[in-house]
Amino acid sequence: MSRMFRSFFGFFISVGENPELILEQNIRDMNDQVPRMNESIAMVKANVTLLEKEDARYADDLTNLTAKVKAAIQAGRDDLAGSFAMQLEQVRGARARTQGQLTSARAAFDKAMAVKKAFMLEKERKTQEAMNAIRDYRRAQWQKKVADVMENFEVAGISQTHDEMVHKIEEQTAMNEARMEMALGNVDEQKVKIEEEAEKLRANELVKQFKAEMGLISPEPSSAPAQKTIGGAEAQKTV
């Protein structure tokens, strides 16, 4: 059980330290930030739109109140003109505040768009960099597998068996050649010895014949007649 838990723990550690998985997760995290950023920018844009509508409404109110003040003055109704004038001042103040807020909202929207643009550029750069790194990592892993396979071939694969068998055959061939040379050497040596003995005997016979012809030695009965006699006797016996 302890070994099993250690193996599981080691597996999760190896997975957690896998650069490819980490980079892919980083790419997903950056992609997930884009919708949230768009949502925040949409909220800022909506605020700008609301303030613009509010400013337009205040502008209409100012136009209407101004016309009412003038109409009341022309009608001699200063009391109404004063009331409309007070409303006009309030609307002017409200519009001024709205325009200030609108300016800030537009600045915030412009800044949000600039941040988004910078983020998208950085996201694109990091995504491309991560993809290149992932391709390099996969290529390195493939090269590692090929190297492992080639090392196995060198250590315990076909190459080792091939070399062993070739060396064994060479040893057997050399041994057989040595035995053949020794056998042939023995045959040739015996033949040479026989020929040498025959030559010596022949030479001795010739020397004896010359000595006999020169009278240096008494002639001895040659072996040839004896052989003939023996041969004749044998022939006669055979007949």
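Remember, predicted model here, so these are calculated numbers, not experimental data.

Draft legend 1. Broad picture of the overall build of the chain. For the chain, the count of helices and strands is 5 helices and 0 strands. Starting at the N terminus, the α and β elements of the chain follow one another as α-α-α-α-α. When each of the 239 residues of the chain is scored for burial, the buried share is 13%. Approximately 19,300 Å² of the chain is accessible, and the part contributed by carbon and sulfur atoms is 59%.

Draft legend 2. Looking closely at helix α2 (residues 19-74). The terminal C-alpha atoms of α2 lie 82 Å apart, and with 56 residues this matches the ideal 82 Å at 1.5 Å per residue to within 8%. Where α2 begins, the capping side chain belongs to Asn-18, and its oxygen is found 3.0 Å from the backbone nitrogen of Glu-20. After α2 finishes, the residue Gly-76 shows a positive phi value of roughly 75°.

Draft legend 3. The arrangement of the packing of aromatic side chains in detail. Tallied over the full model, the rule gives 0 aromatic pairs. For Lys-45, the ring lying beneath its charged end belongs to Phe-109, and the centroid distance is 4.9 Å. Of note, Arg-57 hangs over the ring of Tyr-58, and the distance from its end group to the ring centre comes to 5.9 Å.

Draft legend 4. A look at the side chain of Lys-123. Turning to its location among the elements, Lys-123 is positioned in helix α3 (residues 78-156). With no salt bridge to any partner, buried Lys-123 finds its closest opposite charge in Glu-124, at an N-O distance of 5.0 Å. Side-chain polar atoms of Lys-123 contact the side chain of Asn-31, separated by 2.9 Å. Dropping the residues within four chain positions of it, Lys-123 is found in contact with Met-30, Asn-31 and Val-34.

Draft legend 5. Structural context of a negative patch on the surface. A surface patch of like charges, here negative, comprises Glu-195, Glu-196, Glu-197 and Glu-199. Taking relative accessible area as the criterion, Glu-199 reaches 55% and is therefore assigned exposed.

Draft legend 6. Molecular detail of the side chain of Thr-127. Within the element layout of this structure, Thr-127 appears in helix α3. In this structure Thr-127 comes out as buried when scored by relative accessible area, which is 18%.

Draft legend 7. Focus on the confidence of the model for the chain. Taken over all residues, the pLDDT of the chain has a mean of 79, while the share at 70 or more is 75%. Within the chain, the element-level pLDDT minimum falls on helix α5 (residues 223-238), averaging 43, and the maximum on α2, averaging 92. Across residues 11-15, confidence stays below pLDDT 50; counting only partners more than four residues off in sequence or on other chains, it has 1 contact. Every residue in residues 224-239 is under pLDDT 50, and counting partners more than four places away or in other chains gives 1 contact.

Draft legend 8. Local environment of the environment of Ile-27. Tracing the backbone shows Ile-27 in helix α2. Judged by its relative accessible area of 11%, Ile-27 is buried. Sequence separation between Ile-27 and Ala-130 is 103 residues, and the spatial gap between their C-alpha atoms is 7.7 Å. Residues in contact with Ile-27, not counting those within four places in the same chain, are Thr-127, Ala-130 and Met-131.

Draft legend 9. Structural view of the pattern of salt bridges. Tallying each qualifying case throughout the model produces 10 salt bridges. Among the salt bridges present, the one from Arg-138 reaches Glu-24, with a minimum N-O distance of 3.3 Å. Residue Arg-138 is found in helix α3, and its partner Glu-24 is found in helix α2; the two are separated by 114 residues along the sequence. Judged by relative accessible area, which is 23%, Glu-24 ranks as partly exposed. Arg-92 is the salt-bridge partner of Glu-89, the closest N and O atoms lying 3.2 Å from each other. With Glu-89 and Arg-92 both in helix α3 and 3 residues apart, the pair spans about one turn of that helix.

Draft legend 10. Seen up close, a nonpolar patch on the surface. Taken together, Leu-206, Phe-210, Met-214, Leu-216 and Ile-217 make up a surface patch of nonpolar side chains, about 500 Å² in accessible area. Its relative accessible area of 59% is what places Met-214 among the exposed residues.

Reading the values: rules and limits
Residues numbered from 1 in each chain as written. Predicted model: local features only at pLDDT ≥ 70, side-chain atom pairs only at ≥ 80, totals over all residues. Heavy atoms only, no water. Helix = DSSP H or I, 4+ residues; strand = E, 2+ residues; numbered from the N terminus. Buried < 20%, exposed > 50% of the residue type's maximum accessible area, 1.4 Å probe, protein only. Areas by Shrake-Rupley, 256 points an atom, 1.4 Å probe, with all protein chains shown as cover. Expected span 1.5 Å × (residues − 1). Polar contact = N/O pair within 3.5 Å; in protein donor to acceptor, adjacent residues only side chain to side chain. Phe/Tyr/Trp six-rings, centres within 6.5 Å; stacked < 30°, edge-to-face > 60°. Lys NZ or Arg CZ within 6 Å of the ring centre and 35° of its normal. Lys, Arg positive; Asp, Glu negative; His and termini not counted. Salt bridge = Lys/Arg side-chain N within 4 Å of Asp/Glu carboxyl O. Contact = heavy atoms within 4.5 Å. Patch = residues over 30% accessible without salt bridge, like charges linked within 9 Å, V, L, I, M, F, W, Y side chains within 5 Å. Charge placed at Lys NZ, Arg CZ, Asp CG, Glu CD. pLDDT = per-residue confidence, 0-100.

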